Amino acid sequence: MYHLDNISQKKGNTQILRGINLNIDENSIFAILGPSGSGKTTLLNILAGIDRPTDGNFLNEDGQVEKGIMVFQDYRLFPHMTVFQNITFGLKVKKAKNSEIKQRAENIMKTMGISELINRYPDELSGGQQQRVALARALILNPKLLLMDEPFSSLDEALRIEMLDFVKELQRKFQLTIIFVTHYKTEAYMLSNKVAILINGQIMQVDAPKKLESNPQNFDVAKFLGQANFIEGSLSSDNFSSPVYSGKVNVVAEEGKLYLPFSGQLQLDQTDYPAFKGNVVEKKWMGSNLERVTIKINQETVYCDLASESVSENQVYQFYFSKLPVVF
Amino acid sequence: MYHLDNISQKKGNTQILRGINLNIDENSIFAILGPSGSGKTTLLNILAGIDRPTDGNFLNEDGQVEKGIMVFQDYRLFPHMTVFQNITFGLKVKKAKNSEIKQRAENIMKTMGISELINRYPDELSGGQQQRVALARALILNPKLLLMDEPFSSLDEALRIEMLDFVKELQRKFQLTIIFVTHYKTEAYMLSNKVAILINGQIMQVDAPKKLESNPQNFDVAKFLGQANFIEGSLSSDNFSSPVYSGKVNVVAEEGKLYLPFSGQLQLDQTDYPAFKGNVVEKKWMGSNLERVTIKINQETVYCDLASESVSENQVYQFYFSKLPVVF
Amino acid sequence: SNKSNDSKGSEMPTSYKTALKEAKGKTVTFYGYGGSDTQNRWVDDVVTPMMKEKGIKVKRVPMNIEDILKKLTNEKEANKKSGNIDVVWINGENFYTAKKLSLLSGNLDNSLIPNMKTYISGNDPDAKSDMGTKINNMEVPFGNAQLVMIGSKQMFNGDYPTSSEKLLSWAKENPGKLTYVAPPDFTGSAFIRNIIYETVGFDAINKAPATKAGVYKAIKPSLDYLNELKPYLWQEGKTYPKTSAQMDKMFADHQIAMTFSYNQMYAATQRADGKFTDDAQTFVFDKGTVGNYSYLAVPKTSDNKAAAAVLINTMLSKKAQTQRLKAKYGSSIPPYSGSKVPASITNELNGEAKENNTLTMDELSKKRVPEVSAKKIPIIEDLWKEHVLNAD
Amino acid sequence: MLFFFFSALAKSLITSFGYYPLMGMEKFSLHYYTDALNNKVFLKIFFRTFIFALFSAVMACFFGVVLAFLFKKNDNTFTKPFFKLAQLPVMLPHIFIVLALLQLLSQTGLVSSLLTKIGIIHSYNSFPLLLNDQWQIGIILTYLWKEVPFVIVSLVLVLRQMDNRYRIVSENLGATKWQTFWRVSLPLLMPAIVNAFIINFSFNFGAYEVLYLLGNQTKELLPVYIYDLYVQGDYTQLPMIMSLNLILSVFSIAFAGIVLWLSKHLPGGHTGGI
Amino acid sequence: MESKKITKLVVYLIFAVLILMPLFVIFMLAISKTWSYPSLWPKWVDWGYYFRFLFKSKEVQSSLISSLELAIGTVILTIAIAYPTAMALSYYDFKGKKLLNVLVYLPLIIPSIALLTNMDFIMIKYGLNGSFFGVVSVHTLFCLPYAVKLLYDNLILWKDKYEVASRNLGASSLQTFFKVTVPMNKNGLQGAVMMTYIVSMTQYLSTLLIGDGNYLTLSVRMFPFTTSGKYRMAAVYGITFMLVTLIPLYLIDIWVTHKGRKIA
Ligand SMILES: Nc1ncnc2c1ncn2[C@@H]1O[C@H](COP(=O)(O)OP(=O)(O)OP(=O)(O)O)[C@@H](O)[C@H]1O
Ligand SMILES: Nc1ncnc2c1ncn2[C@@H]1O[C@H](COP(=O)(O)OP(=O)(O)OP(=O)(O)O)[C@@H](O)[C@H]1O
Ligand SMILES: [Mg+2]
Ligand SMILES: [Mg+2]
């Protein structure tokens, strides 16, 4: 178990992190998900021992500082080294045997699909290739604690999934602890069963993916997990009233906004919670057999992801909530 | 109409682009989608006049070279300038009026959510903030031809959608031509109605998003758009036989692989094309009300995205193709 | 490095004999101006081998006297009893300072330096005082220098300006053809002193108190003379050559008609070197020119006083001084007292003078005037700067 | 080593306060400083020296920057030999160029000879006085000959490391070559230029050798003024000499500080990573 | 395009002439006699003179060795001090950084009369005058401003981005220094080594004063000749000086530009 104990960070006049407390299981993959500028990189830098926090500390089970190996958001490939030299840097400085170095490098380069780039210099690589080299450079070390800062952001989906699988397998095989940071929730969900939401320098929620989406703990989390409509209205005890929907709701916070995620909450099938009648004005195909449907209810616009072809444009449908809606 | 006429590029011994021909409508958004290392950046550099192709040329309707304004994949913010100075650089060198510069900068910074960063230097920004500044620096110019290289890769989903909307609006308002490059297909689909697939330095297909997904023109495209199972089997005329499925197929290419995309092809509802019976061994929640379901048929494993909760683990279901399956 | 522990410096031996014995196997350092290759050659090719025969090594260190002095004062300030400098080439103002700071050891007398006894008479004024500073056995002369003028035969038409009046009138007729090196260059400074002798005489300056006001009062006519000359100098006296080397080049190029040197054979050596032609003729002022000796001294901190004494004696020896008459060693006149100069040397000198068409030793010594007190030299230089250079 | 250095500094300082027991001077006082600062001649020389040092350093940086940019790495035919050539003067002591200039530029020098031969001038008298002249031309030429290459070398060493990524961006955003140079390349090099400038200025302000050989007596410069005092060998003047030296040093340091401080506020003052 | 090339060519030629002309004059001075107005060419030229002199003269040879000894010692000591200093200045923020930034120039600024004479006093006091270490440390002092600033110019370009990465991957500080810092900033190092070597080589007064005559380097022997107008001797030393500076530095330059590659 790793303990983040009240970590705060301030740079210049900006308070970037505000008292972060977290416990991270060893031998697991832990994801930190948060919007741009929320402090993810700053936190990871502290965990890697690169930056010192203004307050708090990061200790392992034995109460000791452990420095994780980092995959940097901006790659930081050594510009004067070839791909091979970059990847084997960590092993070289550990004075591993040459034959072992070579073999491990070959393996990992194959997995990453960068075998042909072995003698290239970083400035002769594409963005995604650089990112893979950066990933390989850290993964080759099978570090006990691995820290990854948006490690897949420049990879296409197919590659990303391959990489995810590879990382998962590596974690299982070598019993690594992986803390990784991303702004891309699907990635977090796919890699980890425990996701912490970092917004504005604070940990807002730590939960399993599905729990997060279904029960965001506050408005900020809901908004960030986003792809949701927030309908303005007025609240009196647990009764909400708005042009779109008026009726019973589950009150989580007092912002007075009805939370309607694009997917998972609205459906056409009948349930106990009728939502509204609305006119489908536009459909935009989104891949994965989904369509983003734009619905007009009176003057309000609501978006909703539905299965492809389940509705037609310019028709009015009755929508239902799949469960009692939530108000923040 | 912009014409890409047989553009080829070679660097060192690597042939990066191989005779690219494309026509791009003015006043539209054109997406180039391709895997990592396929040559997207290289192509965009040529369109921006930064690199000279070894062969071919890029001309506008009048047969002239037009230099587009570029959003660089690696941002390239001027390290010695503040956010404000970076953003207004293009206007400054055009000698725009100070009051105008200030007003436009304020507007765009507000839209990008970086107003508070106005006096920061690039090395005091997070990755996503840098990307937004890079975007703002180009967008503020309302350039006739705008080239964007993975402009949203470091942004979280909520922000990305805001940015996409903003770019779309800008395009409409100022009648821009936008060519943008991405590896992230949803992004391409959301921004553009015409997507070119660039793989291995060649344009493989140019189509509307939905058409692309439903009718990939060859195995490479299919694999890239991917999130698909490719089942090995043998083909005799239009009859395919494999442990998973044997029967009639639509033959596109002769690789002899059955193409089963994770989503959109397999369903539980009955159709004219029964696929196979399989045992659901795992479900992984994917957000957006989808679950990735792992199905075992004999020894083979097939993945499939289904609506959440539509199947249960360790049960056997009958699956159907939504249309006649395709073999590459 | 040949440094010894600084517990104590060596003692000055009492006789040359003990010195010789003590010095065997030692290395003695000779510190002095290193810009004269003829002189360097003399030390390296003549003196060093002679010392080697006596079992002593010589190391010549080219260092300007102000730096040597500063080093010695530093040693003293740091309370060091021993140092690296064994023999110093020194004279005039610097000797005055060194003596005042008691940096030098004494006892350089006839018993320690036998050649002093042989060649230098005790009442030779230059053996008793160095520019007005009593020597007190702290210095031994080892070279003799006298300011000579070198004129262009062609430009002066054979009629050299042998007095300040002649110089002035020639200058008025030929504006821009004369100049002198600006002090504190030592030949330039010597020229100005020589003009003082010409205009007010040695006694006037010699008796003047060593204060700025006193000297000014005494040399006012000289300064006036120089100011009168000024507009007829090269560049109208607005600028002066900075080094004698520069002036020599101007002379060689016939840009100016006259240059100076502290070495009476200078024109000859320069001719041999291909820098001057036969056009260069040596002459002196009728009333004489400034002459002075260069001396050797031994610092108190010297580690090798015995070897130092041997070196000084060797430099003063007839053998070494005879060699020094050769052009390649600078054609330097020995510092021997007039009565004690060996005949062989006189003959050689006169022969060479004839051969090179310059002044004989006799003529020179007749036209030699003594130096002013060392203390007054900086004052004169300051006054020149104030009243001539910067006069408007 | 630093200990030696600061001890030496302390010694200068103590001496400059008039404490020099060797000459029997044992009282501390500031009067050497006040005297100097009240001395019109000294102040005039000081000001002249400052103008001179500033001018030479600015010129050196100007030509150095222009040349360094003209022969940047992206065109290879000139760059390599150019850089090698620029290294040459850096390697030679100043004294050499003095020697060569005397031979070349004195009124009877080679240039004058050449001009006379081809009939442009009548005789050496019409050749302008370039050495030991009122305007310090000889000194400035010497300094330029040494310092322009120094600026070039130190800039090229940085330029080599700096790729042209930012130049590309700038041009892509519509800047002209000139604007790019002015707004992007130059600011990025700014710290290096400032460093070279300060080094040159400090040298020009404090070194005496060249001034000693090529200066003009009526337009004396500070280092020579001090050096002449020193050579006179009058040790009672040592405290005064030290105080002048320290005034000179403190001024240079303050000037360097001001330049560095100003440079933080110039474009390029904030140097982020590249 | 074409006219631009021509302009460049012209500028280049002018530059080359301006640089080479004085060097040529020095060379000619070393091998000639009787070169006075208004002749454009010396009357007497002996092409072999220089080399004969060089091989014959024990003095030149021994001073060459002294010069090299000191220069190499100085380069080592200077780099050892300058590198950490430059890294601290360019990477980290600390109290007194601004002050240090300015103080670095001090050895250059304080006139040599004040600095050296008092330095000599200190050296004498601690018995270091005449020692190798003493001379080298004084040389180092004068080299430090150049070395620190040249290294700084380069280090500031990347800051410690890559060092951080290297240490994070498990490299020790020393490994990081040799495998990352130095190769990435080899241009700065080249500049620093070059300037240090040159500055050490050209030290005159400090070598003489602190060296107590134990190190009669080329500069020490040459200086008096130059000031007293023995141009030929000075030129001979000068040429030698140039050769021993030129050759090693060009070798370094070749090594730096050819080994490895540009960093972009
Ligand atoms: N040196 C600095 N001075 C002031 N503020 C800073 C500095 N460095 C970073 N910040 C601010 O701290 C916040 C967090 O930055 P951080 O890089 O940790 O974000 P992030 O979560 O990694 O974002 P992204 O996903 O965009 O990379 C940002 O708002 C950023 O502007
Ligand atoms: N200087 C070079 N020398 C040789 N090959 C190069 C060079 N620069 C790029 N390449 C190769 O060209 C191919 C295309 O590169 P490019 O940067 O255009 O890819 P990309 O499509 O933008 O990829 P990504 O999405 O990863 O940024 C890559 O395989 C890359 O390795
Ligand atoms: Mg980040
Ligand atoms: Mg790319």
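Parameters at a glance
Residues numbered from 1 in each chain as written. Chains lettered and ligands numbered in written order. Predicted model: local features only at pLDDT ≥ 70, side-chain atom pairs only at ≥ 80, totals over all residues. Heavy atoms only, no water. Helix = DSSP H or I, 4+ residues; strand = E, 2+ residues; numbered from the N terminus. Buried < 20%, exposed > 50% of the residue type's maximum accessible area, 1.4 Å probe, protein only. Contact = heavy atoms within 4.5 Å. Lys, Arg positive; Asp, Glu negative; His and termini not counted. Charge placed at Lys NZ, Arg CZ, Asp CG, Glu CD. Donors = N, O, S within 2.8 Å, 3.2 Å for Na, K, Ca; no water. Buried area = accessible area lost by both parts, 1.4 Å probe. Salt bridge = Lys/Arg side-chain N within 4 Å of Asp/Glu carboxyl O. Polar contact = N/O pair within 3.5 Å; in protein donor to acceptor, adjacent residues only side chain to side chain. Nonpolar A, V, L, I, M, F, W, Y, C, P; charged D, E, K, R; others polar. Pairing = 2+ DSSP bridges. pLDDT = per-residue confidence, 0-100. Domains from an automatic or database assignment. Near = heavy atom within 4 Å. Areas by Shrake-Rupley, 256 points an atom, 1.4 Å probe, with all protein chains shown as cover. Core = buried A, V, L, I, M, F, W, Y, C linked by side-chain atoms within 4.5 Å. Axes fitted to C-alpha atoms, helices over the stretch in contact; angles between N-to-C directions.

An unreviewed UniProt entry annotates chain E as ABC transporter permease originating from Companilactobacillus tucceti DSM 20183.

Chemist: What should I look at first to understand the overall build of chain E in this one?
Modeler: Counting its regular elements, chain E contains 13 helices and 2 strands. Considered along the principal axes of its C-alpha atoms, chain E spans approximately 70 × 65 × 30 Å. Taken over 264 residues, chain E has a buried fraction of 67%. Taking contacts inside chain E between residues at least 6 apart in sequence as the whole, the part at least 24 apart equals 71%. Of the side-chain charges in chain E, 24 are positive and 11 negative, and the distance between the mean point of each set is 5 Å.

Chemist: What am I meant to see in the coordination of the magnesium ion (ligand 3) here?
Modeler: Ideal geometry at a metal gives 109.5 degrees between four tetrahedral donors and either 90 or 180 degrees between six octahedral ones. Within the protein, the magnesium ion (ligand 3) binds to A:T41 (OG1) and A:Q73 (OE1); these donor distances fall in the range 1.9 to 2.2 Å. With A:T41 in helix α1 (residues 40-47) and A:Q73 in the loop between β5 (69-71) and α2 (83-93), this pair connects stretches of sequence that are 32 residues apart.

Chemist: Even after reading the chapter, I still don't get the interface of chain E and chain D, so can you show me in this structure?
Modeler: Often, the extent of an interface is quoted as the loss of accessible area upon association of its parts. Opposite the 91 residues of chain E that make contact, chain D presents 87 residues. Summing both partners gives a buried area of about 8,200 Å² for chain E against chain D, and 76% of it is carried by carbon and sulfur. Linking chain E with chain D are 0 salt bridges, by the criterion used here. Linking chain E with chain D are 5 residue pairs in polar contact (both at pLDDT 80 or more), by the criterion used here. Within the side of chain E that touches chain D, the residues separate by chemical class into 65 nonpolar, 19 polar and 7 charged.

Chemist: I would appreciate a short explanation of the sheet that holds strand β21 (residues 326-327) of chain A in the present structure.
Modeler: Residue and element names in this part refer to chain A. Ordered in space as β10-β15-β21-β14, the 4 strands form an open sheet in which the pairing is mixed. Strands at the two margins of the open sheet, each flanked by one partner only, are β10 (228-232) and β14 (250-251). Sheet analysis places strand β15 (residues 257-261) next to β21, joined by 2 bridges and oriented antiparallel. Each bridged residue has a counterpart across the sheet, and for Y259 the counterpart in β21 is V326.

Chemist: Please clarify how the coordination of the magnesium ion (ligand 4) should be interpreted in this entry.
Modeler: Residues and elements named next belong to chain B. Every protein donor of the magnesium ion (ligand 4) is listed here as T41 (OG1) and Q73 (OE1), and their distances to the metal cover 1.9 to 2.2 Å. Look at T41 and you get partly exposed, because its relative accessible area is 27%. Its relative accessible area of 19% is what places Q73 among the buried residues.

Chemist: Help me understand the pairing of strand β3 (residues 29-33) of chain A in this model?
Modeler: Strand residues, when the strand is regular, have side chains that alternate between the two faces of the sheet. Residue and element names in this part refer to chain A. Within β3, 5 of the 5 residues are buried, leaving the element largely enclosed by the surrounding structure. Covered by surrounding structure in β3 are I29, A31 and L33 together with F30 and I32, the residues of both alternating faces. Two strands pair when backbone bridges link them, and β3 and strand β7 (residues 177-182) are joined in this way by 5 bridges, in the parallel orientation. Its bridge partner lying in β7, L33 is registered against T182. Taken together, the 4 bridges between β3 and strand β8 (residues 194-199) define a ladder with parallel strand orientation. Considered in β8, the bridge of F30 is made with K194.

Chemist: How should I be thinking about the confidence of the model for chain C in this particular structure?
Modeler: Low pLDDT marks stretches whose predicted atomic positions should not be read closely. All names here are of chain C. When pLDDT is averaged across chain C, the result is 87; 97% of the residues are at 70 or more. Looking at the elements of chain C, mean pLDDT is at its lowest for helix α17 (residues 361-366), recorded as 80, and at its highest for strand β3 (residues 87-90), recorded as 94. Confidence drops under pLDDT 50 across residues 1-7; counting only partners more than four residues distant or on other chains, this segment forms 16 contacts.

Chemist: Would you mind going over the domain arrangement of chain E with me for this structure?
Modeler: All names here are of chain E. The assigned domain composition of chain E is domain 1 (1-45) and domain 2 (57-261). A C-alpha centroid distance of 30 Å is found between domain 1 and domain 2. Each partner contributes to the interface: domain 1 provides 8 residues, whereas domain 2 provides 6 residues. Taking both sides of the interface into account, the surface hidden between domain 1 and domain 2 amounts to around 580 Å²; carbon and sulfur atoms contribute 79%. One can count 0 salt bridges joining domain 1 with domain 2. There are 0 residue pairs in polar contact (both at pLDDT 80 or more) connecting domain 1 and domain 2. Listed by contribution, the elements that provide at least two residues to the side of domain 1 that touches domain 2 are α1 (2-31) and β1 (32-33). A breakdown of the residues in the side of domain 1 that touches domain 2 according to their chemical character gives 6 nonpolar, 1 polar and 1 charged.

Chemist: How do you make sense of the site of ligand 1 when you look at a structure like this?
Modeler: Taken together, 19 residues lie near ligand 1, and A:T41, A:T42, B:R120, B:G128 and B:Q129 sit nearest. A:G39 has a polar backbone atom sitting 2.9 Å from an oxygen atom of ligand 1. Residue B:E124 places a main-chain N or O atom 3.4 Å away from a nitrogen atom belonging to ligand 1. Protein coverage of the free-state accessible area of ligand 1, which is 640 Å², stands at 90%. Counting residues per element, the ones that place at least two in the shell around ligand 1 are β2 (14-24) and α1 of chain A together with α4 (127-139) of chain B. When the residues that make up the shell around ligand 1 are grouped by side-chain class, the tally is 2 nonpolar, 12 polar and 5 charged.

Chemist: Explain the nonpolar core here, please?
Modeler: One finds A:M148, A:F152, A:I197, B:M148, B:F152 and B:I197 to be the most contacted residues of the largest nonpolar core, which totals 402 residues. It is helix α7 (residues 132-158) of chain E that contributes the most residues to this core, 17 residues altogether. The contacts of A:M148, once residues within four sequence positions are left out, are A:L44, A:V71, A:L135, A:V167, A:I178, A:I179, A:F180, A:V181 and A:L191. Within the second largest apolar cluster, 61 residues are counted, among which are C:M131, C:F191, C:F276 and C:V290.

Chemist: I tried to follow the interface of chain A and chain E on my own but got confused; where do I start?
Modeler: If you look at the interface, chain A gives 23 residues, while chain E gives 18 residues. Around 1,800 Å² of area is buried between chain A and chain E when both sides are counted, 66% of it from carbon and sulfur atoms. When residues of chain A are sorted by the area they lose upon contact with chain E, A:R76, A:P79 and A:H80 head the list and together hold 31% of the total. Run the count over chain A and chain E and you get 0 salt bridges. Along the contact surface separating chain A from chain E lie 5 residue pairs in polar contact (both at pLDDT 80 or more). When residues of the side of chain A that touches chain E are traced back to their parent elements, those giving at least two are β5, α2 and α4 (127-139) of chain A. No other element matches the 3 residues that α2(A) contributes to the side of chain A that touches chain E. Along the lines of polarity and charge, the residues of the side of chain A that touches chain E split into 14 nonpolar, 3 polar and 6 charged.

Chemist: Got a minute to help me understand the pattern of salt bridges in this structure?
Modeler: All names here are of chain B. As enumerated under the stated definition, the model contains 34 salt bridges over all chains in all. The partner of K211 in a salt bridge is D207, and the shortest N-O contact between them spans 4.0 Å. Taking relative accessible area as the criterion, K211 reaches 42% and is therefore assigned partly exposed. For the salt bridge of R292 with D305, the shortest nitrogen-to-oxygen distance reads 2.9 Å.

Chemist: What is the right way to read the sheet that holds strand β8 (residues 258-261) of chain C from this model?
Modeler: Neighbouring strands of a sheet are bound in pairs by backbone hydrogen bonds; such pairs are parallel or else antiparallel. All names here are of chain C. As summarised here, the arrangement of the 3 strands in space is β8-β7-β9, forming an open sheet in which the pairing is antiparallel. Single-partner strands in this sheet number two, and they are β8 and β9 (280-283). Each neighbouring strand pair of the sheet contributes to a mean axis angle of 30°, computed without reference to strand direction. Bridging between strand β7 (residues 148-152) and β9 involves 4 bridges; their strand directions are antiparallel. Of the residues in β9, the one forming a bridge with M149 is F283. Along the sheet face, helix α12 (residues 244-252) touches β7, β8 and β9 and points at about 140° away from the line of β8.

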